[in-house]
Amino acid sequence: MSGFETVVSQNSATVAALDVIVALLIAAKRYSDPHYQSEALRLAEVVRSSSLDATGLLEPGDAWRGPKNPSYASLVAFELLRRLDSTHAADWQRVLECHLVWLGVATSPAGLAPNWCDASGAPVDPANGVTDWERFGFDAMRVP
């Protein structure tokens, strides 16, 4: 176990960054401290500039391009950023709309999203790109 003294990995998971952004924005509101919001917006700029593909969909991480995980689409984070990041509000609006459309296409008639899929919403195995892969499972459980 490394504890908190050692960096275990240099790369980020986009979903973790979005969770931190939401937590900082909640702290800013709860404690009336603008420092939390400025830190959230600083991290949001990193996500916006390095973790979105050309269509506006999230990449799984800053060092991983390809299949996407629908559960990474933090609609709450996108909406909060649309409201609070005045510099990039239009960008966050586009990201929110893009993910809503994508999730609608990727979701089955039963209302279940795939674990992983491509930008078109087709299920895909992230390890090898095989299509027609398992649809709903543990990765997709977090999709609202």
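Residues numbered from 1 in each chain as written. Predicted model: local features only at pLDDT ≥ 70, side-chain atom pairs only at ≥ 80, totals over all residues. Heavy atoms only, no water.

Trainee: Account for the overall build of the chain, with residues named and values stated.
Mentor: Across its full length, the chain carries 4 helices and 0 strands. Secondary structure elements in the chain, listed N-terminal to C-terminal, are α-α-α-α. Taking 2.2 N^0.38 as the reference for a compact globule, 144 residues should give roughly 15 Å; the C-alpha atoms of the chain span a radius of gyration of 16 Å, in line with that estimate. Taking the principal axes of its C-alpha atoms as reference, the chain extends roughly 45 × 40 × 25 Å. A burial count over the chain gives 39% of its 144 residues as buried. Carbon and sulfur atoms provide 58% of the accessible area of the chain, an area that totals close to 8,300 Å². Of note, the chain has its 11 positive side-chain charges centred 7 Å away from the centre of its 17 negative side-chain charges. (Helix = DSSP H or I, 4+ residues; strand = E, 2+ residues; numbered from the N terminus. Rg over C-alpha atoms; globule rule 2.2 N^0.38 Å. Buried < 20%, exposed > 50% of the residue type's maximum accessible area, 1.4 Å probe, protein only. Areas by Shrake-Rupley, 256 points an atom, 1.4 Å probe, with all protein chains shown as cover. Lys, Arg positive; Asp, Glu negative; His and termini not counted. Charge placed at Lys NZ, Arg CZ, Asp CG, Glu CD.)

Trainee: Lay out the environment of Asp-139 with the relevant residues and their values.
Mentor: As for its position among the elements, Asp-139 is in the segment after helix 4 (89–106). Given a relative accessible area of 30%, Asp-139 falls into the partly exposed group. In sequence terms Asp-139 and Val-95 are 44 residues apart; their C-alpha atoms lie 21 Å from each other. A polar atom in the side chain of Asp-139 sits 2.8 Å from the side chain of Trp-116. (Polar contact = N/O pair within 3.5 Å; in protein donor to acceptor, adjacent residues only side chain to side chain.)

Trainee: Let's hear about empty space enclosed by the protein: which residues, and what values?
Mentor: Counted according to the given criterion, the structure contains 1 cavity of 30 Å³ or more. Considering only enclosed or pocket space, the largest cavity measures out at about 50 Å³ in volume. In terms of lining, the largest cavity is formed by Leu-58, Glu-59, Pro-60, Lys-68, Asn-69, Tyr-72, Ala-73, His-99 and Trp-102. Class assignment for the residues of the lining of the largest cavity results in 5 nonpolar, 2 polar and 2 charged. (1 Å grid on protein atoms, 1.4 Å probe; cavity = no way out; pocket = protein on both sides within 12 Å on 5 of 7 lines; lining within 4 Å. Points joined across faces, edges and corners; volume = space filled by probe spheres on them. Nonpolar A, V, L, I, M, F, W, Y, C, P; charged D, E, K, R; others polar.)

Trainee: Tell me about the pattern of salt bridges, and name the residues and values.
Mentor: Counted according to the given criterion, the structure contains 7 salt bridges. Note that Lys-68 is salt-bridged to Asp-53, the shortest N-O span being 3.2 Å. Note that Lys-68 is positioned in the loop between helix 2 (34–50) and helix 3 (75–84) and Asp-53 in the loop between helix 2 and helix 3, a separation of 15 residues in sequence. Residue Lys-68 is classed as buried on the basis of its relative accessible area, which comes to 4%. Residues participating in the shared-partner salt-bridge network are Glu-45, Arg-48 and Asp-91. (Salt bridge = Lys/Arg side-chain N within 4 Å of Asp/Glu carboxyl O.)

Trainee: Run through unusual backbone geometry, naming residues and quoting values.
Mentor: Negative phi values dominate among residues other than glycine, just as trans dominates among peptide bonds. Positive phi, normally seen in glycine, also occurs at Ser-32, with a value near 50 degrees. Classification of Ser-32 as exposed rests on a relative accessible area of 64%.

Trainee: Provide a residue-level description of the nonpolar core, including the pertinent values.
Mentor: The biggest cluster of nonpolar side chains holds 28 residues, and the ones touching the most others in it are Leu-18, Ile-21, Val-47, Leu-58, Phe-78, Leu-81 and Trp-92. Listed by contribution, the elements that provide at least two residues to this core are helix 1 (14–31), helix 2, helix 3 and helix 4. Ignoring any residue separated from it by four or fewer positions in sequence, one finds Leu-81 in contact with Ile-21, Leu-25, Leu-41, Ala-44 and Trp-92. (Core = buried A, V, L, I, M, F, W, Y, C linked by side-chain atoms within 4.5 Å. Contact = heavy atoms within 4.5 Å.)

Trainee: Which residues make up the state of the cysteines, and what values do they have?
Mentor: Structurally, a disulfide amounts to a covalent bond that connects the sulfur atoms of two cysteines. Counted according to the given criterion, the structure contains 0 disulfides. Sulfur of Cys-98: no disulfide; nearest cysteine sulfur belongs to Cys-117 and is 11 Å away. We classify Cys-117 as buried; its relative accessible area is 0%. (Disulfide = S-S within 2.5 Å.)

Trainee: Give me the packing of helix 1 against helix 2: which residues, what numbers.
Mentor: For the pair helix 1 and helix 2, interaxial distance at closest approach is 8 Å and the crossing angle is 160 degrees. Judged by the angle between their axes, helix 1 and helix 2 are roughly antiparallel. In terms of crossing hand, the pair formed by helix 1 and helix 2 is left-handed. Every residue of helix 2 that contacts helix 1 at Thr-14, Ala-17, Leu-18, Val-20, Ile-21, Leu-24, Leu-25, Ala-27, Ala-28 and Tyr-31 is listed here: Tyr-36, Gln-37, Glu-39, Ala-40, Leu-43, Ala-44 and Val-47. (Axes fitted to C-alpha atoms, helices over the stretch in contact; angles between N-to-C directions. Parallel < 35°, antiparallel > 145°, perpendicular 65-115°, else oblique. Left-handed = near helix turned anticlockwise from the far one by under 90°.)

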